[in-house]
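Topology and contacts: notes
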Amino acid sequence: MSLREVEAAAPASLERPLDGTLERLTVRSEALEDNPLGDSPVRPLLVYTPAGAGERRLPSVYFLQGFAGRLEEWLAGADSGPNTIEQLDGMMAAGECPPAILVFVDAFTSRGGSQFLNSTGCGRYLDYVCDEVVRFVDARYPTLAERDHRGVSGKSSGGYGALILSMLRPELFGGLASHAGDALFECCYQPVFPVAARQLRGEFGGSWERFEHRAAQPDFEWRQCAALFAAYGTACAYSPDRDRPGRPLMPFDEVGRPIEDIWAQWLTFDPVRLAEAHADSLRGMRRIYLDAGRSDEFFLDLGAQALSDEFTRLGVEHTLELFDGNHDGVDARMPRAVFELVTALQ
């Protein structure tokens, strides 16, 4: 598999000039060719290089978006303040964070996201990130191209991606930061099932076929049935219907009750349950940083606590910080976590 640049892209637009350099690339993925959703294999890729890097080899950190997130959101500031890229650039320019190559990855699908897994329900996104993007970046930029100098970070489903990629591809990532990452699935996903079942009944007459047809239309607005869209999209990753590529087996019935055999498939992807099988590689990581708001709407503070408890049981060194705030509150905490990662990955 390979990733190649397919066209010259305009520089990424930012309101504030950067001390370093942000390149906006357009690449074509072999892994995403002919994916079951028909999503484009041509993807944007943002790569930040700090000022004065030259040929000096630097650690790298990969950033993963949350469910339904788009790459452009990294360029958008919050309340007219600096965005994450600008904050990180400012930290490195001021010497408040060691220099690093920062890579912002697009894994969006027409069903909202991929959970950064390989699935017949949405495509080979684990292969895309791990076998294509990492190799492409290491070949093009002055990275320290070894596990101990490479980290991965994300929020929500992106935080899940940071956890799952670190477990499933332990030879690639030596540090991770998971901000309210999906974990303890019975707490973060099961409460959504009755809400989604109600939306399916009210908006689509209880018919998955009607929902699928509507979701395929270009004017579909997923926020009008967000719980249903999220449940369907994550099912594409966790419980794909192998007899119908691009479609999932749903883990709940018409009144939101879990369907035990399908729900059991989901649980095999829960980081809390996966940790024990990957304990040796997790114990070898140079930095693991977890956080979540105590008022997280999806109970991901409970997931972070359960994951921390499991890491402690397994002897995996890590940091857990629970703060006063909700799911959106982790955005402001990402630069600090990057400092933690980069410092450890030098």
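Presented here is a report on the structure given in the accompanying data block. (Residues numbered from 1 in each chain as written. Predicted model: local features only at pLDDT ≥ 70, side-chain atom pairs only at ≥ 80, totals over all residues. Heavy atoms only, no water.)

With that out of the way, let us pick up the packing of aromatic side chains. Counted by the stated rule, this structure contains 26 aromatic pairs. For the ring pair F185 and Y189, a centre distance of 4.7 Å and an interplane angle of 70° mean the geometry is edge-to-face. Across this residue pair, the class does not change: F185 and Y189 are buried. Seen from their ring centres, W208 and F211 are 6.1 Å apart, and the 85° between their planes marks the pair as edge-to-face. Of this pair, W208 and F211 both sit in helix α6 (residues 208-215), separated by 3 residues, roughly a single helical turn. Neither residue differs from the other here; W208 and F211 are each classed as buried. The ring of F108 is capped by R70, whose NZ or CZ atom sits 3.8 Å from the centre of that ring. (Phe/Tyr/Trp six-rings, centres within 6.5 Å; stacked < 30°, edge-to-face > 60°. Buried < 20%, exposed > 50% of the residue type's maximum accessible area, 1.4 Å probe, protein only. Helix = DSSP H or I, 4+ residues; strand = E, 2+ residues; numbered from the N terminus. Lys NZ or Arg CZ within 6 Å of the ring centre and 35° of its normal.)

Time to look at the environment of H179. Mapped onto the fold, H179 is located in strand β9 (residues 175-179). Placed 122 residues apart in sequence, H179 and D301 show a C-alpha to C-alpha distance of 9.5 Å. Setting aside chain neighbours within four positions, we find H179 in contact with S153, G154, K155, S156, G159, Y289, D291, V330, R333, M334 and A337. (Contact = heavy atoms within 4.5 Å.)

Taking 1.5 Å per residue, 13 residues should reach 18 Å; helix α5 (residues 192-204) reaches 17 Å between its end C-alpha atoms and fits that length. Residues of α5 that are buried include every one of F193, A196, A197, L200 and F204, and no others. Down the axis of α5, the sector holding all buried residues measures 105°, keeping them to one side. More than 90 degrees from the buried face of α5, the exposed residues found are R198, R201, G202 and E203. Against the buried residues of α5 lie α6, α7 (226-238) and α8 (260-267). G205 lies just past α5 and shows a positive phi near 60°. (Expected span 1.5 Å × (residues − 1). Arc of directions from axis to C-beta.)

In this section: the sheet that holds strand β10 (residues 287-293). Judged by pairing direction, the sheet is mixed, and its 9 strands sit side by side in the order β1-β2-β3-β5-β4-β8-β9-β10-β11 without closing on themselves. Both edges of this open sheet fall to β1 (3-7) and β11 (319-323), since each of them pairs with a single strand only. Sheet twist, expressed as the mean angle between neighbouring strand axes with direction ignored, is 25°. In the sheet, β1 pairs with strand β2 (residues 21-29) via 4 bridges, with the strands oriented antiparallel. Bridge pairing in β2 links R4 to R28. Against the sheet, helix α11 (residues 300-314) engages β10 and β11, with an angle of about 150° to β10. (Pairing = 2+ DSSP bridges. Axes fitted to C-alpha atoms, helices over the stretch in contact; angles between N-to-C directions.)

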